Amino acid sequence: FVQTPNLIGMPLITARSLAFDNPFNVRTVLFDSTVRTRADSLSAFVFSQIPSAGEHVEMGSPMIMELTLDIEKILSLQPEEEEEEQQPADTILLQ
């Protein structure tokens, strides 16, 4: 069994790479209504994932990621004490 990484707040390319490295089978990538173009998809951040971060699953398990350009949607998932910390511009890390 492997532990599912936390992909929330990561851009698609980073999240997909981390998922493959762990090793998961990224079966589905969904985009909300804020993502309208290919360029948008490359700028979007993960706001939901299945299986959930920390869950122990078999290697090669399928993974579903949902992405958005709505930063408020991602920040709403972040614990309050971490909201004041500054994160790198290309990644919003949530724990």
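Note on numbering: residues in each chain are counted from 1, in written sequence order. A pLDDT threshold of at least 70 governs which residues receive local features in this predicted model, and a stricter bar of 80 or more applies before side-chain atom pairs are shown or counted, although totals over entire chains, interfaces and linings include all residues. Values reported for side chains reflect all heavy atoms of the structure, with hydrogen atoms and water molecules removed beforehand.

Requested: an account of a nonpolar patch on the surface, with residues and values cited.
For patch building, the residue pool is restricted to those with more than 30% relative accessible area and no salt bridge; the joining distance is 9 Å between like charges and 5 Å between nonpolar side chains (Val, Leu, Ile, Met, Phe, Trp, Tyr). Using a 1.4 Å probe, the Shrake-Rupley method yields the accessible areas, and only the shown protein chains count as cover for residues. Each salt bridge in this description consists of a side-chain nitrogen of Lys or Arg and a carboxyl oxygen of Asp or Glu lying within 4 Å of one another. Together, Leu-30, Ile-50 and Ile-64 give the surface a local cluster of nonpolar side chains, amounting to about 240 Å² of exposed area. Segments assigned H or I by DSSP are reported as helices when at least four residues long, segments assigned E as strands when at least two residues long, and all are numbered from the N terminus. Following the sequence through the fold, Ile-64 ends up in strand β5 (residues 62-68). We call a residue buried when its accessible area falls under 20% of the maximum for its residue type, exposed when it is over 50%, and partly exposed in between, using a 1.4 Å probe and counting protein chains only. Using a relative accessible area of 30% as the deciding quantity, one classes Ile-64 as partly exposed.

Give a detailed account of the environment of Ala-15, specifying residues and quantitative values.
In this structure, Ala-15 sits in helix α1 (residues 12-21). Separated by 50 residues in sequence, Ala-15 and Met-65 place their C-alpha atoms 8.7 Å apart. With residues near it in sequence (within four places) discarded, Ala-15 still touches Leu-7, Met-10, Val-46 and Met-65. Note on contacts: a residue pair qualifies if any of its non-hydrogen atoms lie within 4.5 Å across the two residues.

Lay out the side chain of Thr-4 with the relevant residues and their values.
With respect to the secondary-structure elements, Thr-4 resides in the loop between β1 (2-3) and α1. With residues up to four places along the chain from it excluded, the contact list for Thr-4 reads Phe-24, Gln-49, Pro-51, Ser-52, Ala-53, Gly-54, Glu-55, Val-57 and Met-63.

Requested: an account of the sheet that holds β5, with residues and values cited.
Two strands form a pair only when DSSP identifies at least two bridges running between them. A sheet is described by the order of its strands in space; here 3 strands give the open sequence β2-β5-β3, paired in mixed fashion. Each edge of the sheet is formed by a strand with only one pairing partner; in this case those strands are β2 (25-31) and β3 (45-50). Direction aside, the axes of adjacent strands within the sheet are offset by 25 degrees on average. Pairing analysis gives 5 bridges linking β3 to β5, with the strands arranged antiparallel. Counted as the bridge partner of Phe-45 is Thr-68 from β5. To get an axis, a line is fitted to the C-alpha atoms, and for a helix only the part in contact is used. The angle between two axes follows their N-to-C directions and goes from 0 to 180 degrees. With respect to the sheet, α1 is in contact with β2, β3 and β5, its orientation differing from that of β2 by roughly 160 degrees.

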